[in-house]
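Here is how the chains run, residue by residue.
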Amino acid sequence: MFSYKAIYVIVIREFKRFFRQRGRLLVTISRPLLWLFIVGAGFGSMVNMPANIGYKQFLLPGIIGMTILFSSVFSSISVVWDREFGFLREMLVAPISRATIVMGKLLSGTALSLVQGTVLLLFSPLLGVKLTITNFLLMLLLMSFLSIAITAMGLFIASYLTSLEGFNVIMNFIVLPMFFLSGALYPMNALPKTLHYFSLINPLSYGVDAFKHVLFRNGSDVIGAEFPLLLDIGVLFIFSAVMIGLATYSFERKG
Amino acid sequence: MSVIQVTNLVKKYNGLTAVNGISFEVKKGESFGFLGPNGAGKTTTINILCTLLSQTSGSAEVNGYDCLKQPPQVRSSIGLVFQDITLDNDLTAYENLKFHCYLYNMDKRKAEERIEYILNVVGLYDRKDDLVRKFSGGMKRRLEIARGLLHNPKVLFLDEPTLGLDPQTRTTVWEFINNWRKKEGITVFLTTHYMDEAEVCDRIAIIDHGRIIACGTPEELKKIIRGDTVYLKTADDSSAISELKETFGIKAAKLHDSISFNVESGDKFIPKIFEGLKTAIVSVNLKKPTLDDVFIHLTGREIREENNHKAGELLKMRRRKG
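Residues numbered from 1 in each chain as written. Chains lettered and ligands numbered in written order. Predicted model: local features only at pLDDT ≥ 70, side-chain atom pairs only at ≥ 80, totals over all residues. Heavy atoms only, no water.

1. Structural notes on the overall build of chain A
No. 1: In terms of regular secondary structure, chain A is built from 10 helices and 2 strands.
No. 2: In chain A, the order of α-helices and β-strands from amino to carboxyl end is α-α-α-α-α-α-α-α-α-β-β-α.
No. 3: Expected size for 255 residues packed as a compact globule is a radius of gyration near 18 Å; at 18 Å, chain A falls within 12% of this value.
No. 4: The principal-axis extent of the C-alpha atoms belonging to chain A is close to 60 × 35 × 35 Å.
No. 5: Among the 255 residues that make up chain A, the fraction classed as buried is 53%.
No. 6: Excluding contacts between residues fewer than 6 apart, the proportion of contacts in chain A whose partners are at least 24 apart in sequence is 77%.
No. 7: By element, 70% of the accessible surface of chain A is carried by carbon and sulfur atoms, the whole surface being about 11,300 Å².
No. 8: If you average the places of the 19 positive and of the 10 negative side-chain charges in chain A, the two averages end up 6 Å apart. (Helix = DSSP H or I, 4+ residues; strand = E, 2+ residues; numbered from the N terminus. Rg over C-alpha atoms; globule rule 2.2 N^0.38 Å. Buried < 20%, exposed > 50% of the residue type's maximum accessible area, 1.4 Å probe, protein only. Contact = heavy atoms within 4.5 Å. Areas by Shrake-Rupley, 256 points an atom, 1.4 Å probe, with all protein chains shown as cover. Lys, Arg positive; Asp, Glu negative; His and termini not counted. Charge placed at Lys NZ, Arg CZ, Asp CG, Glu CD.)

2. Quick word on the interface of chain A and chain B
No. 1: Each side of the interface is counted separately: chain A has 23 residues, and chain B has 28 residues.
No. 2: Surface buried jointly by chain A and chain B totals about 2,400 Å² across both partners, of which 59% is contributed by carbon and sulfur atoms.
No. 3: At the boundary of chain A with chain B, the tally comes to 7 salt bridges.
No. 4: Between Arg89(A) and Asp84(B) there is a salt bridge whose closest N-O contact spans 3.3 Å. (Buried area = accessible area lost by both parts, 1.4 Å probe. Salt bridge = Lys/Arg side-chain N within 4 Å of Asp/Glu carboxyl O.)

3. Remarks on the confidence of the model for chain A
No. 1: Per-residue confidence for chain A gives a mean pLDDT of 90, with 97% of residues at or over 70.
No. 2: Mean pLDDT across the secondary structure elements of chain A bottoms out at strand S2 (residues 221-222) of chain A, with 79, and peaks at helix H6 (residues 133-158) of chain A, with 96. (pLDDT = per-residue confidence, 0-100.)

4. Considerations on unusual backbone geometry
No. 1: Of note, the phi angle at Asn8(B) is positive, near 45 degrees, even though the residue is not glycine.
No. 2: Considering the arrangement of structural elements, one finds Asn8(B) in strand S1 (residues 2-13).

5. Quick notes on the pattern of salt bridges
Pairs may arise between side chains of opposite charge once their charged atoms sit close together.
No. 1: Summed over all chains, the structure comprises 25 salt bridges over all chains.
No. 2: Between Glu95(B) and Arg20(A) there is a salt bridge, with its nearest N and O atoms 2.7 Å apart. Of this pair, Glu95(B) sits in helix H3 (residues 93-103) while Arg20(A) sits in helix H1 (residues 4-20), each in a different chain.
No. 3: In this structure Arg20(A) comes out as partly exposed when scored by relative accessible area, which is 30%.
No. 4: Close ionic contact of Lys233(B) with Asp257(B) constitutes a salt bridge, the shortest N to O distance being 3.9 Å. Pair noted here: Lys233(B) is in strand S11 (residues 228-234) and Asp257(B) is in the loop between strand S12 (253-254) and strand S13 (259-263), with a separation of 24 residues, a long-range link.
No. 5: By sharing partners, the salt bridges in this structure join Arg13(A), Glu14(A), Arg17(A), Asp82(A), Lys105(A), Asp88(B), Asp90(B) and Arg133(B) into a single network.

6. A short note on the domain arrangement of chain B
All names here are of chain B.
No. 1: Domain annotation of chain B identifies domain 1 (2-221) and domain 2 (224-321).
No. 2: Computed from C-alpha coordinates alone, the two centres of domain 1 and domain 2 are separated by 35 Å.
No. 3: Contact residues are listed per partner, giving 19 residues for domain 1 and 13 residues for domain 2.
No. 4: Summed over both partners, the interface of domain 1 with domain 2 buries about 1,300 Å², with 66% contributed by carbon and sulfur atoms. (Domains from an automatic or database assignment.)

7. Focus on the layout of surface pockets
Residue and element names in this part refer to chain A.
No. 1: The volume enclosed by the second largest pocket comes to roughly 410 Å³.
No. 2: In terms of lining residues, the second largest pocket is bounded by 18 residues, among which Lys130, Leu215, Phe216, Arg217 and Asn218 are the most central.
No. 3: For the lining of the second largest pocket, the elements supplying multiple residues, two or more each, are H6, helix H9 (203-215) and strand S1 (217-218).
No. 4: No other element matches H9, which puts 3 residues into the lining of the second largest pocket.
No. 5: Taken together, the residues that form the lining of the second largest pocket break down as 8 nonpolar, 8 polar and 2 charged. (1 Å grid on protein atoms, 1.4 Å probe; cavity = no way out; pocket = protein on both sides within 12 Å on 5 of 7 lines; lining within 4 Å. Points joined across faces, edges and corners; volume = space filled by probe spheres on them. Nonpolar A, V, L, I, M, F, W, Y, C, P; charged D, E, K, R; others polar.)

8. Some details on the side chain of His100(B)
All names here are of chain B.
No. 1: Tracing the backbone shows histidine 100 in helix H3.
No. 2: Taking the relative accessible area as the measure of exposure, histidine 100 reaches 3% and is therefore buried.
No. 3: A polar side-chain atom of histidine 100 sits 3.2 Å from the main-chain carbonyl oxygen of arginine 147. (Polar contact = N/O pair within 3.5 Å; in protein donor to acceptor, adjacent residues only side chain to side chain.)

9. With respect to the environment of Pro95(A)
No. 1: The topology assignment puts Pro95(A) in the loop between helix H4 (87-92) and helix H5 (98-121).
No. 2: Note: C-alpha distance between Pro95(A) and Leu236(A) (141 residues apart in sequence) is 32 Å.

10. So, the packing of H9(A) against helix H10 (residues 229-254) of chain A
Residues and elements named next belong to chain A.
No. 1: Where H9 contacts H10, the two axes come as close as 9 Å, and the packing angle between them is 140 degrees. Considering how the two elements wind past one another, H9 and H10 form a crossing that is left-handed. Contacts between H9 and H10 involve Pro203, Tyr206, Gly207, Asp209, Ala210 and His213 on the former and, on the latter, Leu229, Leu231, Asp232, Val235, Leu236 and Phe239.
No. 2: Along the lines of polarity and charge, the residues of the contact of H9 with H10 split into 8 nonpolar, 2 polar and 2 charged. (Axes fitted to C-alpha atoms, helices over the stretch in contact; angles between N-to-C directions. Left-handed = near helix turned anticlockwise from the far one by under 90°.)

11. Quick look at the sheet that holds S12(B)
Residue and element names in this part refer to chain B.
No. 1: As summarised here, the arrangement of the 4 strands in space is S12-S13-S11-S14, forming an open sheet in which the pairing is antiparallel. Sheet topology places S12 and strand S14 (281-287) at the edges, where each strand pairs with a single neighbour.
No. 2: Here 6 bridges tie S11 to S14, and the two strands are oriented antiparallel to one another. Residue pairing for S14: lysine 233 is matched across the bridge by serine 283. (Pairing = 2+ DSSP bridges.)

12. Structural notes on the pairing of strand S7 (residues 155-159) of chain B
All names here are of chain B.
No. 1: Counting buried positions along S7 yields 5 of 5 residues, so the element is predominantly enclosed.
No. 2: Burial of the side chains of S7 extends over both faces: Val155, Phe157 and Asp159 are buried on one face and Leu156 and Leu158 on the other.
No. 3: Bridge count between strand S6 (residues 78-81) and S7: 4 bridges; the pairing is parallel. Residue pairing for S7: valine 81 is matched across the bridge by leucine 158.
No. 4: For S7 and strand S8 (residues 187-192), the ladder comprises 5 bridges, and the chain directions are parallel. In the strand pairing of S8, valine 155 is matched with threonine 187.

13. Here's the deal with the pairing of strand S10 (residues 211-216) of chain B
Residue and element names in this part refer to chain B.
No. 1: Both strand S9 (residues 203-208) and S10 contribute to a ladder of 5 bridges, which runs antiparallel. If you follow isoleucine 207 over to S10, its bridge partner there is isoleucine 212.
No. 2: If you look at the hairpin formed by S9 and S10, you'll find 2 residues sitting between the two strands, and histidine 209 has a positive phi there, around 50 degrees.

The following block contains the structure:
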């Protein structure tokens with residue numbers, strides 16, 4: 001049975017947990033600021049940037065992408081947490097379908113990422129990036145696309161993890177490489193050829209690229225973006241659809 | 001009317017047979033105990049009945065619904081308390097219950113009334129806004145049982161509900177379950193390896209190696225053993241066993257640190273042992289039949305063999321340290 005009530009309560013639970021876990025809240029707020037103001041300041045003096053843009057500004061879309069990446073992965077890994085601490089069973093024996101659970105986790109992960117991305121976005125005037133209402137709304141839309149894509153991917157991975165020990169492996173071999181190869185810290189075409197291929201299959205690249213389209217648009221000119229905006233959106237859509245399908249399928253099969 | 005109906009149920013995991021063709025039924029309003037050692041197939045059976053696992057063959061029905069074909073109906077009819085705690089530590093007691101009501105699609109007003117009522121019954125109303133993290137093991141257990149009963153299930157499944165609780169808390173938990181059962185007339189299905197818990201069930205199935213080896217009321221099961229059980233501690237158990245066989249034609253079972261056998265009237269037989277046995281006797285104990293003895297009689301083993309063994313090892317370690 002597909003239940004909207006159940007989806008609602010799963011989302012509420014994740015939000016309550018998020019705001020109750022002080023440490024997580026603190027890390028979530030401070031991590032992107034550390035990157036922007038410390039890494040940004042350090043690397044800024046070394047990196048040659050395209051005209052009219054400072055390194056701190058260049059970092060902003062990438063750091064928004066990173067925040068969404070970490071937050072979405074962490075949210076979806078909470079399934080493993082729930083499994084380890086038994087709470088997942090409470091949901092699995094309830095008269096709701098597995099798809100309901102996946103949808104609840106997907107929505108809560110997406111919403112939490114979106115909240116964090118938005119908070120960060122509000123810092124953009126401080127970095128000298130102009131934020132109009134249209135841009136803000138466009139960013140909300142694109143950020144939710146990216147959040148859905150990454151959360152769905154995380155859920156698919158989480159369905160295979162039976163213990164939290166796997167989390168570090170995922171962080172090291174999937175999440176961090178995704179971040180480094182996404183064009184968040186340096187333009188993708190500056191990468192050696194082999195690595196460049198990896199950034200082409202990385203969903204985060206398309207999310208960050210889409211953000212650049214909105215934040216760095218200067219008349220008809222876009223600074224820093226490497227793909228067409230429609231391609232970015234298309235890839236995120238297809239990736240999300242595939243991952244939601246896989247995650248639901250694998251939860252139906254294995255619980 | 002039977003509320004649980006299991007026929008020739010088989011569950012195999014990668015070549016290992018956890019449940020090996022069991023059949024039983026549980027009547028409405030009954031308390032039915034599944035008694036057996038760890039790994040006997042108790043939890044596997046419960047998991048099939050609550051639709052968390054699908055069987056290899058055979059059929060299982062709960063409240064008239066097929067566990068394999070109608071999981072949502074089965075799930076709405078049952079309440080569950082698992083072996084390990086399945087509460088969310090970061091939510092309050094009240095929030096945990098509320099979450100449950102939403103999952104079971106309860107009407108909001110009804111849910112609130114029911115939560116308040118049930119929290120009072122389990123004596124946790126004063127603590128309803130505390131995080132579950134702060135609760136003791138016994139409180140968590142009571143809260144879980146309360147949660148299992150929130151949506152008015154027809155059957156309450158309890159998988160080792162008092163595992164790891166101290167004796168006093170075990171008693172309160174049981175009092176609560178039994179009072180509730182009488183009041184609401186629901187069926188209780190429980191698994192346990194505590195004999196005293198099985199003793200208070202209306203009917204018991206003894207399960208070992210995935211098979212039901214006996215099923216009936218505690219009284220019926222105790223009748224399997226004719227007479228009394230005599231426990232002997234001797235200087236040499238194996239020679240005592242063979243002597244008993246030769247002299248009296250009695251088949252004795254070897255236990256952890258003693259041997260046991262059944263005779264018609266134990267009090268009259270004991271003097272004979274002292275006369276007839278050459279092996280030195282350290283101590284003698286006479287017992288009227290219990291479910292423990294039934295289990296030993298049927299399997300030749302003690303039900304908590306592993307636990308005794310572990311306790312023995314602990315003792316040894318302590319001795320070494322001391």
